[in-house]
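# Structural overview for review
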Amino acid sequence: MPPRVARVALDLPLPGFFDYLPGPAQADDLGRRVRVMVGKRERVGLLLDWADSSEIDPSKLRPLLDVDRSLPPLPEEIRVLLQFCAAYYHAPIGPITLAALPTALRRWEFTRLRPDPLWQLTAAGAAALPQQLAPRAIAQRRLATQLHAGQARESALATQAPRARALLADWARRGWLEQPVPVPAPASLPPVLNTSQAQAIEAIVGALGTYTPFLLHGVTGSGKTEVYLGALDATLQRGLQTLVMVPEIGLSPQIAARISARFPGASLSLLHSGLAEGERLAHWQAALDGHADIVVGTRLAVFTPLPRLGLILVDEEHDAAYAQQEGLRYSARDVAVWRARTTGVPVVLGSATPSLESWANATTGRYRRLDLPQRARAVAPLDMQRIDLRQTPPIEGLAAPAWQALDDNLGRGGQSLIFLNRRGYAPVLLCHACGWGADCPRCASRLTLHLKAGRLRCHHCGLESRPPATCPDCGNPDLRPLGQGTQRLEAALAARFPGARLARADRDALSRKHSWETLATQIHDGAIDLIVGTQLIAKGHDFPRLDLVIVANADGALYSQDFRAEETLFAQLLQVSGRAGRADHPGRVLVQTHFPQHRLYAHLFDQDYPGLAATLLAERRALDLPPISRQARLSAEAPEADAALAWLHAARQLAPATPEVRIFDPVPALMPRRAGRWRAQLVVQSFSRPRLHAFLDEWDARLRTEQRRTVRWVLEVDPPFM
Ligand SMILES: [Zn+2]
Ligand SMILES: [Zn+2]
């Protein structure tokens, strides 16, 4: 009997499917794009399920208008995964499904896949490149270098430079490039592996074909990437696809370059939000068609259809960037693990500082732990010291021993990094006569002074204004910036060391696409002496010339109300301090702090993540906090001061009585006001995941009947921070 009701996912904020008559659709059209009418508008949806009947009167159902059979259908594996996510995160299925497709496919008409040629240099090209390129054309030079190393796919080259495809077409027109008969070029040879790397690869390869979750715990510089490459090699040889997840767009070109250098014959696809729409579609289609052997991508890539999927790698698995904070609030890392389980493939979560969730799973044996205890290259041990800011107060942000260390290192021709996780010039503009401070009128927050731009900016809502010439309260003209931001530190360093080559690495300085890559190359090549950077600099990049790291001020996170703040800070500091040092002489790390006795610094100086993790887990156990328990959070915001809290109190009254589910009192959010809206939250907690979800199912349905016009609310499962 032919199916009677087509269930379609549409990008509309309503729970559940939309029912239609099959129209032109056949039984095997599940997972295909369909064109439908919603009211008087045409929309693009995805056919996700068939049903025998509908809750809607059959005479009122409309038929599907059209089915797109030009693309393979979305595989069942992905359809199941999307429905699982909708249920687990209590989110409507339609927007999730449509968000998992490349944006180009949300319109009915779209441009087709372009070919992915293999390129190699001709003799003329080998002579012309890179000599005929401008010295500063770093991205173009990188393309040339990669082509000199051997044949490469256009898709892989396109990950290495902006406008790479146009450039390659131009070089081909000049006779510098040709498309060879595809013969794999000699790959970069794998290095000699140390024992723990070899054992880790063996364990992963041995698990191919079965769901096995691994936690790969490797100290900074221990060669995790070599383990990924070793596992990738075995996966490729079996004709299987690998999904490689990275937390940030900025980290994808490097890992893509390492992969394509090792496996030049493999077809690599890159998927992240920074790609042009057509490019993203081309990569996605290559994955769906099974042409792509390897997909490297950020969060949303976890939903990429991969019909031959054999392995999932999640690099820097602790990174908060895996948690999506808008729309569907999900953890791409957790979805990757579920996907591995439903598909029956191994998943490797890699980190020097794993999330406590993953660490706890490894201690209970749910995950298999693989340790890389030593650095892959011989590096002298770090020389780490605290600077007690109570004894030596900072001058322009740095204490005397820190200034001295910078001076000495510059004198030796060394490279130094000052880590300060606060952008702008100064976080506070203050009147010393009456105590007035420049607050954001829309947020419970100070405005940050950006001196160069001559603006006060709110880092929470984006509000900008001109700094007042005099105090608005008392008229005092002597308004003073208080505290240190990266811009102020940069200015102080420039004044103190006028000859030094200085760079700032924060979101303001590196807002343009590829500017971070350019700077990273300069730092790597030793063209920079002093770097002031925020956490941007802590991630993933290898700076072989860096020998001094100064942590200017990290104390703020030590006594935060967010119980995850210490874990996050430790990860950042371990990463940033791990950047220091090279083979021939030890790296030096100086940490400025008002709390030199804090346990976090003791564990940091011992490079002892397991020790800190054990302490933090014991605390979480004592307080019943995650990962010992499971949490969900109901957040509300409203323009009136008490409306959000009042709504949460009403929501609490609607909570079903479920045993083993604890409901806390509504409280103001950590940032109680943002962008003109008052914010509050209510946490629900349980040791039993099934009970928590049974509770949430019922509560969520009741809450939907309790809508208030001015109150916006969202239910988050496993909220990543407070
Ligand atoms: Zn004043
Ligand atoms: Zn604001």
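Please read these numbers as outputs of a predicted model, since none were measured by experiment. (Residues numbered from 1 in each chain as written. Chains lettered and ligands numbered in written order. Predicted model: local features only at pLDDT ≥ 70, side-chain atom pairs only at ≥ 80, totals over all residues. Heavy atoms only, no water.)

This next bit is on the overall build of the protein. Across its full length, the protein carries 20 helices and 31 strands. For 722 residues, the compact-globule estimate of 2.2 N^0.38 gives 27 Å, and the C-alpha radius of gyration of the protein, at 27 Å, lies within 12% of that figure. On the principal axes, the C-alpha backbone points of the protein span a range of 85 × 75 × 50 Å. Split into buried and exposed, the 722 residues of the protein put 54% on the buried side. Looking at the protein alone, contacts between residues at least 24 apart form 74% of all its contacts between residues at least 6 apart. Accessible surface, the protein: about 31,200 Å² in total, of which carbon and sulfur atoms supply 52%. For the protein, the centre of its 83 positive side-chain charges and the centre of its 71 negative side-chain charges are spaced 3 Å apart. (Helix = DSSP H or I, 4+ residues; strand = E, 2+ residues; numbered from the N terminus. Rg over C-alpha atoms; globule rule 2.2 N^0.38 Å. Buried < 20%, exposed > 50% of the residue type's maximum accessible area, 1.4 Å probe, protein only. Contact = heavy atoms within 4.5 Å. Areas by Shrake-Rupley, 256 points an atom, 1.4 Å probe, with all protein chains shown as cover. Lys, Arg positive; Asp, Glu negative; His and termini not counted. Charge placed at Lys NZ, Arg CZ, Asp CG, Glu CD.)

Another point: the confidence of the model for the protein. When pLDDT is averaged along the protein, the result is 90, and 96% of the positions lie at 70 or above. For the protein, per-element mean pLDDT is lowest for helix 5 (residues 154–157), which scores 83, and highest for strand 13 (residues 309–314), which scores 98. (pLDDT = per-residue confidence, 0-100.)

Quick look at the coordination of the zinc ion (ligand 2) now. Each protein donor to the zinc ion (ligand 2) is listed here as C440 (SG), C443 (SG), C458 (SG) and C461 (SG); together their distances run 2.2 to 2.3 Å. Positions of the donor residues of the zinc ion (ligand 2), expressed as sequence spacing, correspond to C-x2-C-x14-C-x2-C. You can see C440 sitting in the loop between strand 18 (428–431) and strand 19 (448–450) and its partner C458 sitting in the loop between strand 20 (455–457) and strand 21 (464–465), a full 18 residues away along the chain. The exposure classification of C440 matches that of C458, with both residues buried. (Donors = N, O, S within 2.8 Å, 3.2 Å for Na, K, Ca; no water.)

Strand order in the open sheet formed by seven strands is 11-12-10-13-14-9-15, with parallel pairing between adjacent strands. Across the chains shown, the open sheet's two edge strands, defined by having one partner strand only, are strand 11 (268–271) and strand 15 (368–372). For this sheet, the mean inter-axis angle between neighbouring strands, taken without regard to orientation, is 20°. Together, strand 9 (213–218), strand 14 (347–351) and strand 15 form the strand contacts of helix 12 (residues 356–363), whose direction differs from that of strand 9 by roughly 110°. (Pairing = 2+ DSSP bridges. Axes fitted to C-alpha atoms, helices over the stretch in contact; angles between N-to-C directions.)

This next bit is on the coordination of the zinc ion (ligand 1). Coordination sphere of the zinc ion (ligand 1), protein contribution only: C431 (SG), C434 (SG), C471 (SG) and C474 (SG), at 2.3 to 2.4 Å. The site at the zinc ion (ligand 1) holds four donor atoms, and with the angles between them running 105 to 113°, its shape is tetrahedral. Mapped onto the polypeptide sequence, the residues donating to the zinc ion (ligand 1) form the spacing pattern C-x2-C-x36-C-x2-C. (Tetrahedral: all angles 85-135°; square planar, octahedral: opposite > 155°, others 65-115°.)

Inspection of the entire model under this criterion finds 41 salt bridges. Notably, a salt bridge pairs R165 with E279, separated by 2.5 Å at the nearest N-O pair. Of this pair, R165 sits in helix 6 (residues 164–173) while E279 sits in helix 10 (residues 277–289), and the two are 114 residues apart along the sequence. Where R457 meets E464, a salt bridge forms, and the shortest distance between an N and an O atom there is 2.8 Å. By relative accessible area, which is 37% here, E464 ends up partly exposed. Each of E637, R677, R679 and R712 takes part in one network of salt bridges that share partners. (Salt bridge = Lys/Arg side-chain N within 4 Å of Asp/Glu carboxyl O.)

Moving on, we get to the sheet that holds strand 3 (residues 33–38). Reading across from one edge, 2-1-4-3-5 is the order of the five strands in this open sheet, with antiparallel pairing throughout. A single partner strand is all that each edge strand has here, and the edge strands are strand 2 (18–20) and strand 5 (66–67). Sheet topology places strand 1 (residues 5–9) next to strand 4 (residues 41–51); five bridges connect them, and they run antiparallel. Of the residues in strand 4, the one forming a bridge with A9 is L46.

Along the chain, Q572 falls in helix 16 (residues 565–577). Within polar-contact distance, the side chain of Q572 engages the side chain of N421 at 3.2 Å. Once residues within four sequence positions are removed from consideration, Q572 is found in contact with F419, N421, Q535 and A538. (Polar contact = N/O pair within 3.5 Å; in protein donor to acceptor, adjacent residues only side chain to side chain.)

Formed by 117 residues in total, the largest nonpolar core has its most connected members in I537, L573, L634 and W699. Sequence-distant contacts of L573, that is, excluding residues within four places in its chain, are made with F419, V551, A554, L600, Y601 and L604. If you look at the next biggest cluster of nonpolar residues, it comprises 32 residues, including Y228, A231, L232 and I255. (Core = buried A, V, L, I, M, F, W, Y, C linked by side-chain atoms within 4.5 Å.)

Within the structure shown, the criterion is met by 13 aromatic pairs. Members of the aromatic cluster, joined through ring pairs, are F84, Y88, Y89 and W338. The ring of F605 carries the charged tip of R386 above its face, separated from the ring centre by 4.4 Å. (Phe/Tyr/Trp six-rings, centres within 6.5 Å; stacked < 30°, edge-to-face > 60°. Lys NZ or Arg CZ within 6 Å of the ring centre and 35° of its normal.)

For D525, the location among the structural elements is in the loop between helix 15 (515–524) and strand 24 (530–533). Its relative accessible area of 48% is what places D525 among the partly exposed residues. A polar side-chain atom of D525 sits 3.3 Å from a polar atom in the side chain of H524.

Further remarks concern the packing of helix 7 (residues 195–206) against helix 8 (residues 224–237). The N-to-C vectors of helix 7 and helix 8 enclose an angle of 35°; their axes lie 9 Å apart at closest approach. Crossing hand, helix 7 versus helix 8: right-handed. On helix 8, the residues that touch Q197, A200, I201, I204 and V205 of helix 7 are E226, V227, G230, A231 and A234. Per-class residue counts for the contact of helix 7 with helix 8 are seven nonpolar, two polar and one charged. (Left-handed = near helix turned anticlockwise from the far one by under 90°. Nonpolar A, V, L, I, M, F, W, Y, C, P; charged D, E, K, R; others polar.)

The next subject is unusual backbone geometry. Backbone phi values are negative for most residues with the exception of glycine, while trans is the configuration of most peptide bonds. Cis geometry is adopted by the peptide bond preceding P130, which originates at L129 and carries an omega value of 0°. Relative to the helices and strands, P130 resides in the loop between helix 3 (123–128) and helix 4 (138–149). The step from P626 to P627 runs through a cis peptide bond, and the omega angle for that step is 5°. Considering the arrangement of structural elements, one finds P627 in the loop between helix 18 (609–622) and strand 27 (630–638). Despite not being glycine, D718 shows a phi value in the positive range, around 55°.

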